[in-house]
Amino acid sequence: MKSIKNHLSLIVALVSILFSIQIFVIVERSIDAYKQNLANNYSVVVVSQKAITQKEFFKINKLISKVKVLSPDNVIKRLNSDIDKSNMEFLKLTLPKFYKLHLKSYPSPREIKRLRKNLLNNRFITKVEDFSNTHDTIYKLLVLFKNVVLVFAAVVSIVTMLLILKELRIWQFKHNERMSIMGLFGAPTWLRSAVLFRLSIVDAIISSMIVFAIFTVLSSSNWILNQFKNIDISVVIFDNVGDFFILFGISIVLSIILASMIVLGHKEEV
Amino acid sequence: MDRVIVAKNVSLSYTADETIINQANFSVNSGSFVFITGASGSGKSTLLKSLFGAIKLKQGSLVVGGVELSKVSRSKLNFLRRHIGIVFQDYKLVKEWTIEKNIMMPLIINGYEKSVTTNQVESLLKHVRLKHQAGKYPLELSGGEQQRVAMARALSHNPILILADEPTGNLDEYSSELIWKLLEGANTQLETTVIVVTHHIPTSLNVDYKHFHIEYGTINEIN
Ligand SMILES: Nc1ncnc2c1ncn2[C@@H]1O[C@H](COP(=O)(O)OP(=O)(O)OP(=O)(O)O)[C@@H](O)[C@H]1O
Ligand SMILES: [Mg+2]
């Protein structure tokens, strides 16, 4: 019973830190996935006097991922009635070319501006329609959402850190006593702190296991999966290998830092 | 005979303006049994502290087990302490460890093998009549029981020197007798040097002993 109580305070703190880190990672992933979704649906329309090849477009700006030629046929068909065939071909040649550009990722307003400038620098391109009004609102909404989550995660981390610092004093007191007694029987510093490091590494392992269990349950929950399906994105909620090892690493590092702080704060009683 | 302790002009104090022990000269032969008496507050515990380097000398030279304590490095001091068994007046047991583990501590610090450790702890628990309490924590024991644990811990690693600060202070006659027999056994069978602070020198003891009395900061040998 007693030993469980010794472990509990650090484990709770570590679990809450790991939990908020993973939540933030999930939000980041969702926003990225959603942005990719938006990027797939977003395009810029370009009017050019001369044909421009896909390769040339790629050279103009790196963001461009796909170029689609908009066929002028529809326009011509409407005028169709009294134009003969040879004139029609001629018209087709003189008519400006329309291109629809798809982008690799959802651009920021600045990236759009630069893209627009790059495109207009080409002497054949006469007009660029980037639908920036609609784009900007959506983009700002995304940025707002991300900032809100970031602030939230930061607040959780700061509060947890404060709790840990408060706990640290209690741990320090508790471990100081044991380390002093061991010192009175001639234990060298490494041995006096070994107990503490072993304890904190065990706690780190336990807390990453707990977080592993929590997110394994969450990532198989239908309710959660439906939330993501509703906005048409698929997100890796918890990668059993990659995410686990990152969280495990963070908790080991954190607990070793805490243990070191306690050891360094230990006052030698001669 | 070798001398385990040689003190020359040793003065001890906690603050600059008061001196607890004033220019003491004494020595303790290896394998001897020493009693230290004195009124409360006379400096008995302070003198013991100086013997394991827990208080700096204000003045003088103090050699314990060949180690000069007036100028000792941390690692040398640790080395010395690993060969001393101390019973503290306030026990100083590790609260979050079981009785068993507390007694084991000096053995672990001295790097004994697991098999030696468990055997030794078991036999000591039997000697101090606490075998049935082995898995308990210090705060779950009575004061006298904690004192017996402290005694067992001090004996566990077969030290060359035992320093016991009122080891029977909280014990009834029966338990006190138990402790004296343990100390006597360590002294006669293992030739361990034993230094005990006490208010009552037991009459039943079967050893020759020295008796130091502390009064007004000076240490007098009583014959
Ligand atoms: N850590 C300390 N800091 C300052 N003064 C101390 C400290 N420990 C003890 N003293 C003082 O030193 C003097 C001697 O104390 P010490 O503990 O050596 O007495 P003692 O002979 O062991 O008494 P008792 O029989 O009551 O245990 C006392 O006057 C005490 O107030
Ligand atoms: Mg005392």
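Below is a short write-up of the structure.

Here is what the cut-offs are and how they apply
Once a new chain begins, its residue numbering starts again from 1 and follows that chain's sequence as written. As they are written, the chains are lettered A onward and the ligands numbered 1 onward, keeping that order. Predicted model: local features are reported for residues with pLDDT of at least 70 only, side-chain atom pairs are reported and counted for 80 or more only, and whole-chain, interface and lining totals are derived from all residues. Hydrogens and water are ignored here; the side-chain numbers use all heavy atoms of the structure. The patches reported here contain residues having more than 30% relative accessible area and no salt bridge. Joining distances are 9 Å for like charges and 5 Å for nonpolar side chains (Val, Leu, Ile, Met, Phe, Trp, Tyr). All accessibility values rest on the Shrake-Rupley procedure with a 1.4 Å probe; residue burial counts only the protein chains present in the view. One speaks of a salt bridge when a side-chain nitrogen belonging to Lys or Arg is within 4 Å of a carboxyl oxygen belonging to Asp or Glu. In this text, helices come from DSSP runs of H or I with a minimum length of four residues, and strands from runs of E with a minimum of two, each type numbered from the N-terminal end. Each residue's exposure class comes from its accessible area (1.4 Å probe, protein chains only) as a fraction of the maximum for that residue type: buried when under 20%, exposed when over 50%, partly exposed otherwise. Following DSSP output, two strands are said to pair if at least two bridges run between them. Axes here mean lines fitted to C-alpha atoms, for a helix over just the part in contact, with angles spanning 0 to 180 degrees between N-to-C directions. We call two residues contacting when some pair of their heavy atoms lies within 4.5 Å. The rule for donors is simple: N, O or S, within 2.8 Å of the metal, or within 3.2 Å if the metal is Na, K or Ca. Water isn't counted, so a site may look like it is missing partners. In this text, buried Ala, Val, Leu, Ile, Met, Phe, Trp, Tyr and Cys residues form a nonpolar core when linked through side-chain atoms within 4.5 Å. The term buried area refers to how much accessible surface (probe radius 1.4 Å) is lost by two components on association, counted for both of them together. Counted as a polar contact is a pair of N or O atoms within 3.5 Å, where, for protein atoms, one must be capable of donating a hydrogen and the other of accepting one, and residues adjacent in sequence contribute only when both atoms are in side chains. Note on residue categories: nonpolar means Ala, Val, Leu, Ile, Met, Phe, Trp, Tyr, Cys or Pro, charged means Asp, Glu, Lys or Arg, and polar means any other residue, Gly included.

**Structural notes on a nonpolar patch on the surface**
All names here are of chain A.
Part 1: Where nonpolar side chains cluster on the molecular surface, the patch consists of I158, L162, L165, V253, I257 and M261 and spans about 550 Å² of accessible area.
Part 2: For the nonpolar patch, the secondary-structure elements that each account for two or more residues are α6 (132-184) and α9 (242-264).
Part 3: Positionally, M261 belongs in helix α9.
Part 4: Accessibility expressed as a relative area gives 38% for M261, which makes it partly exposed.

**A closer look at the sheet that holds strand β3 (residues 97-103) of chain A**
The pairing of strands in a sheet happens through backbone hydrogen bonds and is either parallel or antiparallel.
Residue and element names in this part refer to chain A.
Part 1: Pairing in this open sheet of four strands is antiparallel, and the strands run β2-β3-β1-β4 from one edge to the other. The open sheet terminates on both sides in strands that have one partner only, identified here as β2 (64-70) and β4 (125-129). Strand-to-strand twist in this sheet, taken as the mean axis angle between neighbours without regard to direction, amounts to 25°.
Part 2: The pairing of strand β1 (residues 43-48) with β3 spans six bridges and is classified as antiparallel. Across the sheet, residue V44 finds its bridge partner in β3, namely L101.
Part 3: Where helix α5 (residues 109-121) meets the sheet, its contacts fall on β1, β2, β3 and β4, and the angle it forms with β4 comes to roughly 160°.

**Examining the coordination of the magnesium ion (ligand 2)**
Ideal values differ by geometry: the angle at a metal is 109.5 degrees with four tetrahedral donors, but 90 or 180 degrees with six octahedral donors.
Residue and element names in this part refer to chain B.
Part 1: Distances from the magnesium ion (ligand 2) to its protein donors, S45 (OG) and Q89 (OE1), fall within 1.9 to 2.2 Å. With a gap of 44 residues between them, S45 in helix α1 (residues 44-51) and Q89 in the loop between β6 (84-87) and α3 (99-109) connect regions that are remote in the sequence.
Part 2: A relative accessible area of 24% places S45 in the partly exposed class.
Part 3: Given the relative accessible area of 42%, Q89 is considered partly exposed.

**Here's the deal with the nonpolar core**
Part 1: I5, F26, I36, L62, L163 and I195 of chain B are the most contacted members of the largest nonpolar core, which totals 44 residues.
Part 2: If we skip the residues at most four places from it in the chain, L163 of chain B touches L48, L51, F52, I84, G85, I86, V87 and I195 of chain B.

**What to know about the interface of chain B and chain A**
Part 1: In this assembly, 25 residues from chain B lie in contact with 19 residues from chain A.
Part 2: Between chain B and chain A, roughly 2,000 Å² of surface is buried when both sides are summed, and carbon and sulfur atoms account for 61% of that area.
Part 3: Scanning the region where chain B abuts chain A turns up two salt bridges.
Part 4: E177 of chain A is the partner of K95 of chain B in a salt bridge, and the nearest nitrogen-oxygen pair spans 2.6 Å.
Part 5: Between chain B and chain A we count four residue pairs in polar contact (both at pLDDT 80 or more) in total.
Part 6: Of all the secondary-structure elements, those providing two or more residues to the side of chain B that touches chain A are α2 (74-81), β6 and α3 of chain B.
Part 7: For the side of chain B that touches chain A, the element with the most residues is α3 of chain B, which contributes five residues.
Part 8: Partitioned by chemical class, the residues of the side of chain B that touches chain A number 14 nonpolar, three polar and eight charged.

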